[in-house]
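One-letter residues, chain by chain:
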Amino acid sequence: MDIKQLIHTLQHTHQLQPEQMQTLLTAAFSDAVIRAKLAQAAQQTAQAVFGNKIYIRGLIEFTNYCRNDCYYCGIRRSNTEAVRYRLTEEQILSCCEQGYALGFRTFVLQGGEDLIYSDTDLAAIISAIKQAYPDCAVTLSIGERRREAYQLWKKAGADRYLLRHETADSEHYARLHPAELKLSNRKRCLRDLKELGYQVGTGFMVGSPWQTMANLLEDLAFIRELQPQMIGIGPFIPHHATPFKNYPAGTLEQTLTLLSVLRLMFPKVLLPATTALGTIVPNGRELGILAGANVVMPNLSPADVRQNYLLYDNKLCSGAEAAEAKNDLAARLHSIGYEIAEGRGDYKES
Ligand code: 5AD
């Protein structure tokens, strides 16, 4: 089959054999014409489901303390350069208040794995948000915990959970993380979250050190098996104070290719154009949308802590990246033919 046919098959059957997928990915990574064809198909598929609407989520990075020591991440516990902060419940609620006034109807509570916030502390924060904003969705992105914690938070009103698998290959996983972190536990968490009725997001970094084509095929197979409602991918970007400081960043070309392939595999999935994509090129998020993404997640954290939530170098936190610049964002989206959607932007089963 030639490449055009592969794209056609993927668009209409939502799958390819692994060898075919490898052929398509290899071609698209290196050929702008193929990438454009793939993006066109993906954009068409996204528009058939979502029209020209882009969902927005207000991201509240409420703590950058982390018990983990992931080799790629700027807020890893061994990074003594990181200026650590935590937001109180009151501060978090005030972020939500500002976000609500700006039109956000999903709040994403993201943080390092900070055990100072107990299971019950977090449940109280979730309940308070849901009580104040019953028409809003609460998404959690706070890492690996016990099933009981996930259950408690679901009861408290949490709707969605983001937990990237990072890589579906356990040997690759072991090269990105210290020994105490296991892919099997990450998968256990994702299964628990699904069983408990969360809308679940997973994903991986594109171009992380030692990532191979075989790894990417495994990532796609893992995502197919999990059937998540959301998929977050973005380029790996080195952080100067981590063991991976000298590794090259993932590329725009690879990231856009994978966004398009994911859109064609999962037409209805919620697929963000991530901050990392916006960081490697100035119009990265627009390009992501034109490649099939349909979600953006501007930053609602208080201005004075934003510059401290640095997962990688040069992470964007101002301009259209900032929630208060929603007009900027709307204008940028408008320039490529899109509009901000109102409402929670839930995954639609049928
Ligand atoms: N580059 C890109 N993405 C990163 N993340 C963490 N560190 C980096 C980095 N250096 C991503 C991980 C994590 C998410 C919150 O941020 O995939 O799951």
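An unreviewed UniProt entry annotates the protein as [FeFe] hydrogenase H-cluster radical SAM maturase HydE originating from Phascolarctobacterium faecium.

For the protein, the helix and strand inventory stands at 14 helices and nine strands. Here the protein has a C-alpha radius of gyration of 19 Å; the compact-globule value for 350 residues is 20 Å, and the two agree. With respect to the three principal axes, the spread of C-alpha positions in the protein is 55 × 45 × 35 Å. Relative to its full complement of 350 residues, the protein shows a buried share of 59%. Of the roughly 14200 Å² of accessible surface on the protein, a fraction of 52% belongs to carbon and sulfur atoms. Distance between charge centroids for the protein: 3 Å, based on 37 positive and 37 negative side chains.

What follows covers the packing of helix H9 (residues 213–226) against helix H10 (residues 252–265). Where H9 meets H10, the axes come as close as 12 Å, and the angle between the chain directions of the two elements is 30 degrees. Between H9 and H10, the interaxial angle falls into the category roughly parallel. Where H9 crosses over H10, the two elements pack in a sense that is right-handed. Each of Leu 216, Leu 220, Ile 223 and Arg 224 in H9 lies in contact with H10, whose residues at this interface are Leu 258, Val 261, Leu 262 and Met 265.

A word on the pattern of salt bridges. The tally for this structure, following the rule as stated, stands at 20 salt bridges. Between Glu 61 and Lys 315 there is a salt bridge whose closest N-O contact spans 3.0 Å. Placement of Glu 61 in strand E2 (residues 58–63) and of Lys 315 in the loop between helix H13 (303–306) and helix H14 (326–335) is noted, with a sequence separation of 254 residues between them. Relative accessible area serves as the criterion here: at 1%, Glu 61 is assigned to the buried category. When the shortest N-O distance is used, the salt bridge between Arg 76 and Asp 69 registers 3.5 Å. Taking relative accessible area as the criterion, Arg 76 reaches 8% and is therefore assigned buried. One salt-bridge network, in which partners are shared between bridges, spans Lys 130, Asp 159, Arg 160, Arg 344 and Asp 346.

This paragraph deals with the UniProt feature "binding site: S-adenosyl-L-methionine" (unreviewed entry) in the protein. The positions UniProt marks with the feature "binding site: S-adenosyl-L-methionine" (unreviewed entry) are Glu 166 and Arg 186. A stretch of 21 residues holds the annotated residues, and the largest C-alpha distance among them is 9.3 Å, short enough that they meet in one place. Within the fold, Glu 166 resides in the loop between strand E5 (160–162) and helix H7 (170–176). According to the relative accessible area criterion, Glu 166 is buried, its value standing at 9%. Each residue touching Glu 166, except ones within four places of it in the same chain, is listed here: Tyr 72, Tyr 173, His 177, Arg 186, Gly 203, Phe 204 and Met 205. Its location among the elements puts Arg 186 in helix H8 (residues 183–195). Judged by its relative accessible area of 5%, Arg 186 falls in the buried class. Residues within four places of Arg 186 in sequence aside, it is in contact with Glu 144, Leu 163, Arg 164, His 165, Glu 166 and Tyr 173. A polar contact is formed between the side chain of Arg 186 and the backbone oxygen of Arg 164, at a distance of 2.6 Å.

The feature "domain: Radical SAM core" (unreviewed entry), as annotated in UniProt, sits at residues 52–274 in this numbering. Helix makes up 39% of residues 52–274 and strand makes up 17%, while its end C-alpha atoms are separated by 18 Å.

What follows concerns the nonpolar core. Counting residues in each nonpolar core, the largest one holds 101 residues, and the members touching the most others are Leu 140, Trp 153 and Tyr 198. Looking at this core element by element, the count peaks at eight residues for H10. Those residues within four positions of Trp 153 in sequence are excluded, and the remaining contacts are Asp 119, Leu 122, Ala 123, Ile 126, Leu 140, Ile 142, Arg 145, Ala 158, Tyr 161 and Tyr 198. Phe 50, Leu 59, Ala 341 and Tyr 347 belong to the second-largest nonpolar core, a separate cluster that totals eleven residues.

Glancing now at the packing of aromatic side chains. Each aromatic ring pair is specified by the distance between its two centres and by the angle formed by the two planes. Scanning all chains against the criterion turns up twelve aromatic pairs. With 5.7 Å between their ring centres and 85 degrees between their planes, Phe 50 and Tyr 55 make a pair best called edge-to-face. For Phe 50, a relative accessible area of 11% translates into the label buried. Assessed through its relative accessible area of 11%, Tyr 55 is described here as buried. Taken together through their ring pairs, the aromatic side chains of Tyr 71, Trp 210, Phe 236, Phe 244 and Tyr 247 make up a single cluster. Directly above the aromatic system of Tyr 65 lies the positively charged group of Arg 86, at a separation of 3.7 Å from the ring centroid.

Helix-helix packing is characterised by the crossing angle of the two axes and by the distance between the axes. In the contact formed by helix H1 (residues 3–13) and helix H2 (residues 18–30), the axes pass within 10 Å of each other and the chain directions differ by 115 degrees. The chirality of how H1 crosses H2 is left-handed. Residues Ile 3, Leu 6, Ile 7 and Leu 10 of H1 form the contact with H2, whose own contacting residues are Gln 20, Met 21, Thr 23, Leu 24 and Ala 27. Within the contact of H1 with H2, the residues separate by chemical class into seven nonpolar, two polar and no charged.

Around the ligand, the neighbouring residues are Tyr 72, Cys 73, Arg 164, Glu 166, Met 205, Pro 235, Phe 236, Ile 237, Leu 311 and Tyr 312. At a separation of 2.5 Å, an oxygen atom of the ligand approaches a polar side-chain atom of Glu 166. With the chains in place, 87% of the 410 Å² that the ligand exposes on its own is no longer accessible.

The rules behind the values
- Residues numbered from 1 in each chain as written.
- Predicted model: local features only at pLDDT ≥ 70, side-chain atom pairs only at ≥ 80, totals over all residues.
- Heavy atoms only, no water.
- Helix = DSSP H or I, 4+ residues; strand = E, 2+ residues; numbered from the N terminus.
- Rg over C-alpha atoms; globule rule 2.2 N^0.38 Å.
- Buried < 20%, exposed > 50% of the residue type's maximum accessible area, 1.4 Å probe, protein only.
- Areas by Shrake-Rupley, 256 points an atom, 1.4 Å probe, with all protein chains shown as cover.
- Lys, Arg positive; Asp, Glu negative; His and termini not counted.
- Charge placed at Lys NZ, Arg CZ, Asp CG, Glu CD.
- Axes fitted to C-alpha atoms, helices over the stretch in contact; angles between N-to-C directions.
- Parallel < 35°, antiparallel > 145°, perpendicular 65-115°, else oblique.
- Left-handed = near helix turned anticlockwise from the far one by under 90°.
- Contact = heavy atoms within 4.5 Å.
- Salt bridge = Lys/Arg side-chain N within 4 Å of Asp/Glu carboxyl O.
- UniProt positions renumbered as here; feature names shortened; annotations may be inferred.
- Polar contact = N/O pair within 3.5 Å; in protein donor to acceptor, adjacent residues only side chain to side chain.
- Core = buried A, V, L, I, M, F, W, Y, C linked by side-chain atoms within 4.5 Å.
- Phe/Tyr/Trp six-rings, centres within 6.5 Å; stacked < 30°, edge-to-face > 60°.
- Lys NZ or Arg CZ within 6 Å of the ring centre and 35° of its normal.
- Nonpolar A, V, L, I, M, F, W, Y, C, P; charged D, E, K, R; others polar.
- Near = heavy atom within 4 Å.

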